[in-house]
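Inside the fold
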Amino acid sequence: MEYVLHILMLIVIYSVLAYSLDFIVGHGGLVSLAQAGFFGIGAYAAALLSLKFGLSLPTVFLASICLTALMSLFVSVPSFYLQDDYFVVVTFCFQMIVFSIFNNWLEVTRGALGIPGIPLPVLFGWEISSKSEFIVLGLLILAFSALCIWGLTRGAFGRILHGLREDEVYTESLGWNVRAVKIIAFAVSAVLAGLAGSLYGFYVAYIDPTYFTVMESILILSIVIVGGAGSFAGPVIGASVLVLMPEALRFIGFTPSLAGNMRELVYGLLLVLILLFRPQGIAGKYDFTQSKGAR
Amino acid sequence: MMSGSGDPAGLDATTLNCHELGLSFGGHKVLNGFSVTFAGAGITAVVGPNGAGKTTLFNVITGFIQPDSGECFLGDKQLTGRRPHSIARLGIGRTFQDVRFIARLSVIDNLLLASNAVSGPTGIGLRAFLSEKRIREEHSDRCAEVLETIGLTQKAGDTASTLSFGQQKLLSIGCCLMNPRKYYLLDEPFAGVHPELVVTITETLKKMSKSSEVIFIEHDFEIIEKIAERVVAIHQGHLIVDGPPDQVFDTDSVLEAFVG
């Protein structure tokens, strides 16, 4: 039972991460490889603030929101000047820098040793200790994330984001401040990834930099593509598929070490198949193989 | 109508004044001390051979390209140095030579995307976060009016990519129309359009010019003579003639620029 709950918790966390990335990738057309960086910032913020300062869960979440929103400027501002592949390289660099900071700022992050003993979170007197309680908290955060994305993509802001995805020059010619739109979109995306990170930090009670590598960013992007970019159900479907798949490999009889390598192989294969035969993903609308503004 | 260059001081708020614009691409002078003034009413055609600098002039006015020298003013407000969204919000709408709209949105959603552009002082005001229902309610009358003007009422719910080329041109003009502008800069609105739709576009431009100035780039002299009240002829980045169509088309320098 504990195992099933753990898998469920991972699906919840990756669903939040996928919603956060899908907001800019699926709706805004801004492909980013920095998501694991924001995920890590949220996790380290939770670990350090609760361990060193004994802050409560709402305060930690608030601090994580502020920090990740601020850090998102390192990605959103370059997006004013760079498009497509060049911008992806910038997000990759940001990811590498954040990872290096986690790995080398020994006085704060303890580097590769990681931060153990992250205390159990307490929400208004409710100590969250069991896996099922963490799932309840996770589902609350997932519902909040899904609602945010739903609200922001259904109305005028969503239309502007779609405009940005299809034709930035045209959208700006209509009078929309595309830079402001990008700042808001990246901030929302980073904040949600940071919340997932804080939740993850409290859940595993130990974090180290290996959880927040560029491979993790690629995994989150894979979830978005497989689930279906720009769709409401896509992130949950993608997270379910890509979290459950390596577990299925385990039951096939591969050893844990082989299963790990097979996971990468199967992810790659799945992505190629999806892009070949269903480029919009399982539940998606946005076809990654079509160029911007394709008529 | 006015022509020539001048100091923006003393010009009224609707005057669009381009003064001594200069721009080079890789050593080739596209605009070469170009000056012109528009008064904010009527229909003006911009003509010139390919590469004369017509589209570049539109790009400079709307902020998509910054000139190497010279300035543009709308009334006493300097346009040069401003970002395109800010210029659009000052009241200068435009269309592009390659028809632009959001292909994956419906016709009505394209209009709504355009109509929200005037909300909020920063270009992305709180109104962008209003409920979809309220936005649709607020803009339903204007959308219906514009759809009727451009003749796409029956196509309102269709995905924009399914429209014919001429209808796509009309949609891009309709998006411009969603907001009250002082100037509409239309880059070859008639190019490649079926004769039936030429009539619709002509009527649309006439309606637009009642409260604003329509400035359009065109190569077809017949169309220009039918609807334009003023013609601005450009050649090699210079203003060569500025006046009524019959007068401009009889000018030797214009004939020379076009025929050689």
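Whatever comes next refers back to the structure up there.
Structure report, in brief.

Rules used in this analysis
Residues numbered from 1 in each chain as written. Chains lettered and ligands numbered in written order. Predicted model: local features only at pLDDT ≥ 70, side-chain atom pairs only at ≥ 80, totals over all residues. Heavy atoms only, no water. Helix = DSSP H or I, 4+ residues; strand = E, 2+ residues; numbered from the N terminus. Rg over C-alpha atoms; globule rule 2.2 N^0.38 Å. Buried < 20%, exposed > 50% of the residue type's maximum accessible area, 1.4 Å probe, protein only. Contact = heavy atoms within 4.5 Å. Areas by Shrake-Rupley, 256 points an atom, 1.4 Å probe, with all protein chains shown as cover. Lys, Arg positive; Asp, Glu negative; His and termini not counted. Charge placed at Lys NZ, Arg CZ, Asp CG, Glu CD. Salt bridge = Lys/Arg side-chain N within 4 Å of Asp/Glu carboxyl O. Axes fitted to C-alpha atoms, helices over the stretch in contact; angles between N-to-C directions. Parallel < 35°, antiparallel > 145°, perpendicular 65-115°, else oblique. Buried area = accessible area lost by both parts, 1.4 Å probe. Polar contact = N/O pair within 3.5 Å; in protein donor to acceptor, adjacent residues only side chain to side chain. Core = buried A, V, L, I, M, F, W, Y, C linked by side-chain atoms within 4.5 Å. Domains from an automatic or database assignment. Phe/Tyr/Trp six-rings, centres within 6.5 Å; stacked < 30°, edge-to-face > 60°. Pairing = 2+ DSSP bridges. Expected span 1.5 Å × (residues − 1). Nonpolar A, V, L, I, M, F, W, Y, C, P; charged D, E, K, R; others polar.

**Some thoughts on the overall build of chain A**
For chain A, the count of helices and strands is 14 helices and 2 strands. For 295 residues, the compact-globule estimate of 2.2 N^0.38 gives 19 Å, and chain A sits close to it at 19 Å. Considering only C-alpha atoms, chain A reaches an extent of 55 × 45 × 35 Å along its principal axes. Out of the 295 residues belonging to chain A, those deemed buried represent 57%. When contacts within chain A are restricted to residue pairs at least 6 apart in sequence, those whose partners lie at least 24 apart make up 78%. For chain A, the computed accessible surface area is about 11,900 Å², with 73% contributed by carbon and sulfur atoms. Taking the average location of the 14 positive side-chain charges in chain A and that of its 16 negative ones, the two points are 5 Å from each other.

**Section: the pattern of salt bridges**
Evaluated as defined, the whole model comprises 11 salt bridges over all chains. With its nearest N and O atoms 2.9 Å apart, the salt bridge here joins Arg104 of chain B to Glu166 of chain A. With Arg104 of chain B in the loop between strand E6 (92-94) and helix H3 (107-115) and Glu166 of chain A in helix H9 (residues 156-166), the pair connects residues from two separate chains. Accessibility expressed as a relative area gives 26% for Arg104 of chain B, which makes it partly exposed.

**A look at the packing of H9 of chain A against helix H11 (residues 178-204) of chain A**
All names here are of chain A. Their axes nearest at 11 Å, the elements H9 and H11 cross at an angle of 110°. Comparing their axes, H11 and H9 come out roughly perpendicular. Contact with H9, carried on its side by Phe157, Ile160, Leu161 and Leu164, involves Val178, Val181, Lys182, Ile184 and Ala185 of H11 and no other residues of that element.

**As for the interface of chain B and chain A**
In this assembly, 35 residues from chain B lie in contact with 32 residues from chain A. Carbon and sulfur atoms make up 60% of the surface buried where chain B meets chain A, a total of about 2,900 Å² over both sides. The partner of Glu172 of chain A in a salt bridge is Arg83 of chain B, and the shortest N-O contact between them spans 3.2 Å. For the pair chain B and chain A, the interface holds 7 residue pairs in polar contact (both at pLDDT 80 or more). When residues of the side of chain B that touches chain A are traced back to their parent elements, those giving at least two are helix H2 (84-90), H3 and helix H4 (132-150) of chain B.

**Digging into the side chain of Thr56 of chain B**
All names here are of chain B. Relative to the assigned elements, Thr56 resides in helix H1 (residues 54-61). Taking relative accessible area as the criterion, Thr56 reaches 11% and is therefore assigned buried. For Thr56, the contacting residues outside a window of four places in its chain are Leu23, Phe25, Val30 and Leu31.

**Topic: the nonpolar core**
One finds Ile13 of chain A together with Leu171, Leu205 and Phe216 of chain B to be the most contacted residues of the largest nonpolar core, which totals 142 residues. If one sorts the elements of this core by residue count, helix H1 (residues 2-27) of chain A sits on top with 16 residues. Residue-level mapping places this core at the junction of two domains, with at least three residues from each of domain 1 (1-91 + 182-260) and domain 2 (101-179) of chain B. Apart from the residues within four sequence positions on either side, Phe216 of chain B is in contact with Ile43, Thr44, Ala45, Val46, Phe58, Leu186, Pro189, Phe190, Leu205, Ile224, Ile227 and Ala228 of chain B.

**Considering the packing of aromatic side chains**
For any pair of aromatic rings, the description rests on two quantities: the centre-to-centre distance and the angle between the ring planes. Residue and element names in this part refer to chain A. All chains considered together, the criterion is met by 17 aromatic pairs over all chains. An angle of 45° between the planes, with centres 5.3 Å apart, marks the rings of Phe39 and Tyr200 as tilted. Of this pair, Phe39 sits in helix H2 (residues 35-52) while Tyr200 sits in helix H11, and the two are 161 residues apart along the sequence. We classify Phe39 as buried; its relative accessible area is 2%. Under the relative-accessibility criterion, Tyr200 is labelled buried at 10%.

**Structural notes on the pairing of strand E7 (residues 183-187) of chain B**
All names here are of chain B. With respect to burial, E7 is a largely interior element, 5 of its 5 residues being buried. Burial along E7 is two-sided: Tyr183, Leu185 and Asp187 and Tyr184 and Leu186, pointing in opposite directions, are all buried. For E6 and E7, the ladder comprises 3 bridges, and the chain directions are parallel. Each bridged residue has a counterpart across the sheet, and for Ile92 the counterpart in E7 is Tyr183.

**As for the sheet that holds strand E2 (residues 28-38) of chain B**
Residue and element names in this part refer to chain B. Sheet architecture is open: 4 strands sit in the order E2-E1-E4-E5, paired in antiparallel fashion. At either end of the open sheet lies a strand with only one pairing partner, and these are E2 and strand E5 (77-78). Summarising the sheet, strand E1 (residues 16-25) and E2 pair through 8 bridges and their orientation is antiparallel. Counted as the bridge partner of Phe25 is His28 from E2. Across the sheet, H1 is in contact with E1, E2 and strand E4 (69-74); its angle to E1 comes to roughly 115°.

**Looking at H1 of chain B**
The buried fraction of H1 of chain B amounts to 7 of the 8 residues, a majority that puts the element mostly inside the structure. Directly beyond the C-terminal end of H1 of chain B, a positive phi value near 85° is found at Gly63 of chain B.

**A word on helix H6 (residues 84-104) of chain A**
At 3.6 residues per turn, the α-helix brings residues three or four places apart onto the same side. The terminal C-alpha atoms of H6 of chain A, which comprises 21 residues, lie 30 Å apart, in line with the 30 Å expected from a rise of 1.5 Å per residue. Taken residue by residue, H6 of chain A has Phe87, Val90, Thr91, Phe94, Gln95, Val98, Phe99 and Phe102 of chain A as its buried positions.

**Observations regarding the environment of Gln167 of chain B**
All names here are of chain B. Among the secondary structure elements, Gln167 is positioned in helix H5 (residues 165-177). Spatially, the C-alpha atom of Gln167 lies 25 Å from that of Glu138, the residues being 29 residues apart in sequence. If near-sequence neighbours (up to four positions away) are discounted, Gln167 is found in contact with Leu152, Lys155 and Leu197.

**Considerations on the packing of H1 of chain A against H9 of chain A**
Residue and element names in this part refer to chain A. Relative to each other, H1 and H9 sit at 55°, their axes nearing to 8 Å. Considering their axes alone, H1 and H9 lie oblique with respect to each other. Contact residues: Phe23, Gly26 and His27 in H1; Phe157, Leu161, His162 and Arg165 in H9. A per-class count over the contact of H1 with H9 returns 3 nonpolar, 3 polar and 1 charged.

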